[in-house]
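Inside the fold
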Amino acid sequence: IDECNNQSEIAECTQIINIIDNTAPTITADATFYIDCEEFDNDAIYAEVSDNCDPNAAIELIDQDMILPGTCAGLFENTYRATDCSGNQVTMSHLVQLVDTVAPTFVDFPADAVVECGDGTEPSDIGAPSYADNCDSEGVSIDYDDIVATFKDDDCKTIERHWTITDACGNA
């Protein structure tokens, strides 16, 4: 009803507003993301997604390449794709650097040995310790130093062997 007491036949009106989203989501991540190798998950997403319209935009890992194999703990390039509810997509890549600050550990040592003079005393002859590393046991080197104590004329002696294990990151 208006000021003149006129009443419109249409008492109610509905307006439909369609919001069109043509803007792709945004992926944010550190250029290089550092993570301890024990916490690394091949399937994890180390990036975040935001969108101007969709608070639940999806992000997925679509590719992962080890770009520097054999390096300390590993360097990967992860590529992500984000998609919003309107189907807008964006991709983004960044580096994931695995970090290893933990030294490898000995698991088992060979038993003390008694050998005849002239017999071999190399680890291949009398045994070497076993070891484990939190990141990659393949990159571990094992070394030893011998301290020799001679008791008579260099034909009767004791060897005290000191073992060192070092991983590819230099942790010992």
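Reference entry: report on the structure contained in this document. Treat the numbers as computed from the prediction; the structure is a model and nothing was measured.

Here we take up the side chain of T79. Examined against the element boundaries, T79 turns out to sit in strand 5 (residues 75-83). Assessed through its relative accessible area of 15%, T79 is described here as buried. A polar contact of 2.7 Å, which involves the side chain of T79, links it to the side chain of S93. Excluding its chain neighbours within four sequence positions, the residues that come into contact with T79 are E60, L61, I62, D63, M92 and S93.

Glancing now at the nonpolar core. Core analysis: the biggest nonpolar cluster contains 14 residues, and I27, I35, F40, Y46, Y80, V96 and L98 have the highest contact counts within it. Of all the secondary structure elements, the ones that give two or more residues to this core are strand 5 and strand 6 (89-99). Dropping the residues within four chain positions of it, I27 is found in contact with A47, E48, I59, Y80, R81, A82, V90, T91 and M92.

For the rest of this paragraph, the subject is the packing of aromatic side chains. Aromatic ring pairs: the centre-centre distance and the angle between the two ring planes describe each pair. Within this structure, the stated rule accounts for 5 aromatic pairs. Ring geometry for F33 versus Y46: centroids 4.8 Å apart, planes at 25°, classification stacked. One end of the pair, F33, is in strand 2 (residues 32-36); the other, Y46, is in the loop between strand 2 and strand 3 (48-50), and 13 residues separate them in sequence. Between F106 and F109 the ring centres are 4.8 Å apart and the planes differ by 35°, which places this aromatic pair in the tilted class. You can call F109 partly exposed: its relative accessible area is 48%.

Together, E116, D119, E122 and D125 make up a negatively charged patch on the protein surface. In this structure, D119 sits in the loop between strand 7 (105-108) and helix 1 (123-126). Classification of D119 by relative accessible area gives partly exposed; the value is 44%.

Turning to its location among the elements, D43 is positioned in the loop between strand 2 and strand 3. Residues D43 and L61 lie 18 residues apart in sequence; the distance between their C-alpha atoms is 7.1 Å.

Looking now at the side chain of D84. The topology assignment puts D84 in the loop between strand 5 and strand 6. Those residues in contact with D84 that lie beyond four places of it in its chain are D21, T23, P25, D51, D54 and A57.

Attention shifts here to the sheet that holds strand 5. The strand order across the open sheet built from 4 strands is 2-6-5-4, with neighbouring strands paired in mixed fashion. Single-partner strands in this sheet number two, and they are strand 2 and strand 4 (58-66). Mean inter-strand twist for the sheet, computed between neighbouring axes without regard to direction, equals 30°. Pairing between strand 2 and strand 6: 5 bridges, direction parallel. Along strand 6, the bridge assignment pairs T32 with L95.

By the definition in use, this model includes 1 cavity of 30 Å³ or more. Considering only enclosed or pocket space, the largest cavity measures out at about 30 Å³ in volume. Lining the largest cavity are C72, D100, D133, C135, D136, D167, A168 and C169. Considering only residue class, the lining of the largest cavity consists of 4 nonpolar, no polar and 4 charged.

Conventions adopted
Residues numbered from 1 in each chain as written. Predicted model: local features only at pLDDT ≥ 70, side-chain atom pairs only at ≥ 80, totals over all residues. Heavy atoms only, no water. Helix = DSSP H or I, 4+ residues; strand = E, 2+ residues; numbered from the N terminus. Buried < 20%, exposed > 50% of the residue type's maximum accessible area, 1.4 Å probe, protein only. Polar contact = N/O pair within 3.5 Å; in protein donor to acceptor, adjacent residues only side chain to side chain. Contact = heavy atoms within 4.5 Å. Core = buried A, V, L, I, M, F, W, Y, C linked by side-chain atoms within 4.5 Å. Phe/Tyr/Trp six-rings, centres within 6.5 Å; stacked < 30°, edge-to-face > 60°. Patch = residues over 30% accessible without salt bridge, like charges linked within 9 Å, V, L, I, M, F, W, Y side chains within 5 Å. Areas by Shrake-Rupley, 256 points an atom, 1.4 Å probe, with all protein chains shown as cover. Salt bridge = Lys/Arg side-chain N within 4 Å of Asp/Glu carboxyl O. Lys, Arg positive; Asp, Glu negative; His and termini not counted. Charge placed at Lys NZ, Arg CZ, Asp CG, Glu CD. Pairing = 2+ DSSP bridges. Axes fitted to C-alpha atoms, helices over the stretch in contact; angles between N-to-C directions. 1 Å grid on protein atoms, 1.4 Å probe; cavity = no way out; pocket = protein on both sides within 12 Å on 5 of 7 lines; lining within 4 Å. Points joined across faces, edges and corners; volume = space filled by probe spheres on them. Nonpolar A, V, L, I, M, F, W, Y, C, P; charged D, E, K, R; others polar.

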